[in-house]
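Listed below are the residues making up each chain.
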Amino acid sequence: MGAVKLELHYPKSINGVTVDPQPDWSPEGLISELKSLELKLNPSSVVPEHFIKTRIREDPNAKETNKGPSAFVMRISDNETEDTESEDEEVLAQNLVVSKRFSCNELYTSGTDDSEDELVIEATQTQLMEKVGVPEVVLFELDEEHRRGIKEEIRNVISALETDLVNESERSTNALIQVEKYTEARREMDRKLDTQYQRKIAEALDNHLIAVQRDHEHRSQIEERRIRNDAAFEEAKRKEKALQEEKLRQEKAKAEAEARLEAARKRTEEMQKAALEAERRAVKEAAERRATETAKPDSAAVTEKEGIHHKMDANAEAVKEETEKGSSKAHSAAGSLLKVAESALRQEEERLRRYNELVEQNQRLKSASNKDFRSYERQIVRHIKQITGEKDVVRAKAKELMKIFNDPNCPQSISVAMFAKKVVSQCENPSADFGSTSFACAHVIVLVTSQVPLAMDLILAEFHKACIYTVPKYMEYSESAFKTKGAYYKMIGYQEEDGGLESTERYVERVESYLKLYAALVQTEADGVQNMHGLKEGWAWLARFLNALPANRYTATALEAFLKMAGFALFRKYKSQFMKILNIISRNFVDALEAQRDPKLNHVITLIKSYLGKKTFLQEPEGWRLQTSVLSDSCVTDSESGFYQQQYYHQPNRYLYQY
């Protein structure tokens, strides 16, 4: 028979694991594997000795070319061929003579640590070209299968070890992550505890500081009260001393007057005596002369003298009548030019009278004290400029001004007069946001004047002096009454500027500023404080304005500024009555402005029409509502009202003014 080429077909992979086709067999393992295979093939028979292990005799003459492991030969017994089932198999078994021996040197010829890849390549290239028997084939397959099994087990063990290593690494990583999370949680908890502890410390410190501050304020109030009481006592002593001095001066003046009267009486008595003596001498001379001729000339002279005296009396009466007529003519002429309500004019005169009396009193106080009160004036100006639209700022500035008014080193009449003048004079150079800050300034005025009523009269007098439209009144121009237009412009409130009069635009701007502040003052309603010049006065001003004043550029500007600031509050209070007033303005006042056809009036006409058409009086003006800070609800308490009550009740006499 020819040569038979045998190739071992083995699976490339088992359960996804690559199988190595050439395992490393040992002789004992190979024999035990063949026996187990025989038992599997013939389970009922006794396992015969199919394979006989024989050693190859070594040739003593042969050279030791290969000192690898000794080879073994497996032969098939002749008796086994008799047990075959068919005759063909028996012939095949007899003819197959093992002429080739399988040794481990052919399967694993190198004792070095060659890589498995070279073994795989050699195994795949190995081909059995010679005639072999069935046992050799079975042995070879068993050898390959055993190698694959061993490699598979090794791979499984390695895979299990790798899996265990990966799982252990993951467990270690998870444990580290858990430890880090726990550490971070502990740190976060420590931070929270530290923050909470610090917050408690801060709260305790704040409470302590608040308690200390309250104690300090209480002590300060006690000290201030003591100082005020001492000052009041000193003031009472000074007044008592002044009264005593005044009493002494009056007594001295009375004594001097009595002395003068006594001297005059004595002189009169002497003159009477001299007259009687002269009369006696004249009678005596007349009796001696006994001349009747001298009586006629004397009577004629007496008659002439009486006639001269009658003429002089008549001339005096004529001059007096002429003067009275001229004054009445001038009064009637001035009455026709001045447009004002009689009640408003009386109020203005009364306020200006009080203002002038106070100015004279302050001048006497300044001359008597010889002190410089300009530092107080600077403080008042600074506090006025720092007023903003926040409740806390308004109350703080009112308190600061009250401290200045109650300063014993500065008479209250002087400080109040300074405040009235400076708070009104800020309208001369208004800022861009003057309209919104006017409400805050008005709140300060109301808070101050509620404790010092004198301040309101002075502020209104300053308004009337600076702007006639706050009365309201208006003076018409007449060539017969005014020599020049410059005199007329000065009469209605124009100011001198660079040697001349200011421009009309500048004058109108100032009028608008004065009316904005005045209207803001009129409509201000502070919590718990009564406005001495409130909405009632504002309603009266509006009625007097429309009844007495004509429609022109000046009055239109004043009316528009007043409505812009006080219209919202007037509508809230008077409702339909205020709407009637607006209808009168729309029908009469605006029509009168349009009838003049003056291009300079177009701007103010547009503003008034826009106010009426858009019903701006339904919206709060900008700055009307004071802003509330974050801490105002917790910091501002009833202590403020208690402060004002304390200031008022402890020294009520300081707020009275003796006219």
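The rules behind these values
- Residues numbered from 1 in each chain as written.
- Predicted model: local features only at pLDDT ≥ 70, side-chain atom pairs only at ≥ 80, totals over all residues.
- Heavy atoms only, no water.
- UniProt positions renumbered as here; feature names shortened; annotations may be inferred.
- Helix = DSSP H or I, 4+ residues; strand = E, 2+ residues; numbered from the N terminus.
- Buried < 20%, exposed > 50% of the residue type's maximum accessible area, 1.4 Å probe, protein only.
- Contact = heavy atoms within 4.5 Å.
- Areas by Shrake-Rupley, 256 points an atom, 1.4 Å probe, with all protein chains shown as cover.
- Core = buried A, V, L, I, M, F, W, Y, C linked by side-chain atoms within 4.5 Å.
- Phe/Tyr/Trp six-rings, centres within 6.5 Å; stacked < 30°, edge-to-face > 60°.
- Lys NZ or Arg CZ within 6 Å of the ring centre and 35° of its normal.
- Axes fitted to C-alpha atoms, helices over the stretch in contact; angles between N-to-C directions.
- Parallel < 35°, antiparallel > 145°, perpendicular 65-115°, else oblique.
- Left-handed = near helix turned anticlockwise from the far one by under 90°.
- Nonpolar A, V, L, I, M, F, W, Y, C, P; charged D, E, K, R; others polar.
- Patch = residues over 30% accessible without salt bridge, like charges linked within 9 Å, V, L, I, M, F, W, Y side chains within 5 Å.
- Salt bridge = Lys/Arg side-chain N within 4 Å of Asp/Glu carboxyl O.
- Expected span 1.5 Å × (residues − 1).
- pLDDT = per-residue confidence, 0-100.
- Disulfide = S-S within 2.5 Å.

The chain is annotated in an unreviewed UniProt entry as mRNA export factor GLE1 from Nelumbo nucifera. The Sequence similarities (unreviewed entry) field of the UniProt record for the chain holds the comment "Belongs to the GLE1 family."

**Thoughts on the overall build of the chain**
Check the secondary structure of the chain and you find 20 helices and eight strands. Expressed as a percentage of its 659 residues, the buried residues of the chain come to 29%. Across the chain, the fraction of contacts at a sequence separation of at least 24, relative to all contacts at a separation of at least 6, is 76%. Split by element, the accessible area of the chain, about 43,900 Å² in all, is 52% carbon and sulfur.

**Comments concerning the UniProt feature "coiled-coil region" (unreviewed entry) in the chain**
Feature annotation in UniProt assigns "coiled-coil region" (unreviewed entry) to the following positions: residues 338-365. The span residues 338-365 is 86% helical and 11% strand by assignment, and the distance between its end C-alpha atoms comes to 37 Å.

**Quick look at unusual backbone geometry**
Across the junction of Val471 and Pro472, the peptide omega takes the value 0°, indicating a cis bond. Looking at the secondary structure, you find Pro472 in the loop between helix H12 (453-466) and strand E6 (473-475). Not every positive phi belongs to a glycine, and Arg597 is a case in point at roughly 55°. Examined against the element boundaries, Arg597 turns out to sit in the loop between helix H17 (576-595) and helix H18 (602-613).

**Brief notes about the nonpolar core**
Where a protein is soluble and globular, its nonpolar side chains tend to be buried together. Grouped together as the largest cluster of nonpolar side chains are 100 residues, with contacts concentrated most on Phe419, Tyr469 and Ile585. If you tally residues by element for this core, the top one is helix H16 (residues 553-574), at 14 residues. Sequence-distant contacts of Phe419, defined by excluding residues within four places in its chain, comprise Ile380, Ile384, Leu401, Phe405, Ile445, Val448 and Ile459. The next biggest cluster of nonpolar side chains, apart from the first, holds five residues, and it includes Leu30, Leu37, Leu139 and Leu142.

**Quick look at the packing of aromatic side chains**
All chains considered together, the criterion is met by 21 aromatic pairs. Note on Tyr489 and Tyr494: the rings are 4.7 Å apart at their centroids and 40° apart in plane angle, and the pair reads as tilted. An aromatic cluster is present here, built from Tyr477, Phe482, Tyr488, Tyr489, Tyr494, Tyr507 and Tyr554 joined pairwise through their rings. Against the face of Phe571 rests Lys575, its NZ or CZ located 5.5 Å from the ring centre.

**Overview of the packing of helix H14 (residues 504-523) against H16**
Interaxial distance between H14 and H16 falls to 8 Å at its minimum, and their mutual angle equals 25°. Regarding the angle of H14 to H16, the classification is roughly parallel. As for how H14 packs across H16, the hand of that crossing is right-handed. When H14 is examined against H16, the residues Thr504, Glu505, Tyr507, Val508, Val511, Glu512, Leu515, Lys516, Tyr518, Ala519, Ala520 and Gln523 are found in contact with a partner set consisting of Arg553, Tyr554, Thr557, Ala558, Glu560, Ala561, Phe562, Lys564, Met565, Ala566 and Ala569. The residue inventory of the contact of H14 with H16, partitioned by class, reads 14 nonpolar, three polar and six charged.

**A word on a nonpolar patch on the surface**
Together, Ile150, Ile154 and Ile158 make up a nonpolar patch on the protein surface, roughly 240 Å² of accessible area in all. Tracing the backbone shows Ile154 in helix H5 (residues 134-289). We classify Ile154 as partly exposed; its relative accessible area is 45%.

**Details of helix H8 (residues 374-385)**
Two residues of an α-helix separated by three or four positions point the same way, owing to the 3.6 residues in each turn. The end-to-end C-alpha distance of H8, which contains twelve residues, comes to 17 Å, matching closely the 16 Å that a straight helix rising 1.5 Å per residue would cover. At its buried positions, H8 is contacted by helix H9 (391-405) and helix H10 (412-425).

**Quick look at the packing of H12 against H14**
Geometrically, a packed helix pair is captured by the angle between its two axes and the distance between the axes. Close contact between H12 and H14 brings their axes to 11 Å; oriented N to C, the two are set at 155°. On the basis of the axis angle, H12 is roughly antiparallel to H14. Considering the relative orientation of H12 and H14, their crossing is left-handed. Contacts between H12 and H14 pair Met456, Leu460, Phe463 and Ala466 from the former with Arg510, Tyr514, Leu517, Tyr518 and Leu521 from the latter.

**Some remarks on H10**
Taking 1.5 Å per residue, 14 residues should reach 20 Å; H10 reaches 20 Å between its end C-alpha atoms and fits that length. A large share of H10 lies buried, amounting to eleven of its 14 residues. Those residues of H10 that sit buried are Gln412, Ser413, Ile414, Ser415, Val416, Ala417, Met418, Phe419, Ala420, Val423 and Val424. Against helix H7 (342-369), H8, H9, helix H11 (434-449), H12 and H14 lie the buried residues of H10.

**Some thoughts on the confidence of the model for the chain**
Per-residue confidence for the chain gives a mean pLDDT of 75, with 66% of residues at or over 70. In the model, residues 1-10 has pLDDT below 50 throughout and makes 19 contacts with residues more than four positions away in sequence or in other chains. Predicted confidence is poor over residues 295-335, with pLDDT under 50, and the contacts of this stretch with residues over four places away or in other chains come to zero contacts.

**Points about the environment of Lys339**
Residue placement: Lys339 occurs in strand E5 (residues 338-340). Expressed as a C-alpha distance, the spacing of Lys339 and Asn547, which sit 208 residues apart in the sequence, is 9.4 Å. Not counting residues up to four positions away in its chain, the partners in contact with Lys339 are Pro472, Lys473, Tyr474, Glu476, Ala548, Leu549 and Pro550.

**Brief notes about the pattern of salt bridges**
Any two side chains of opposite charge can pair, given that their charged atoms come close. Tallied over the full model, the rule gives 23 salt bridges. Salt-bridge contacts for Asp230 lead to Arg226; the nearest nitrogen and oxygen are separated by 3.1 Å. Placement of the pair is Asp230 and Arg226 together in helix H5, with a separation of four residues, close to one helical turn. When its relative accessible area of 37% is taken as the criterion, Asp230 is described as partly exposed. A salt bridge links Lys516 to Glu512; the nearest nitrogen and oxygen atoms lie 3.5 Å apart. In this pair, Lys516 and Glu512 both sit in helix H14, four residues apart, roughly one turn of the helix. We classify Lys516 as buried; its relative accessible area is 15%.

**A word on the state of the cysteines**
Applying the stated criterion across every chain yields a total of zero disulfides. The cysteine Cys441 is free of any disulfide, with Cys427 supplying the nearest cysteine sulfur at 7.8 Å.

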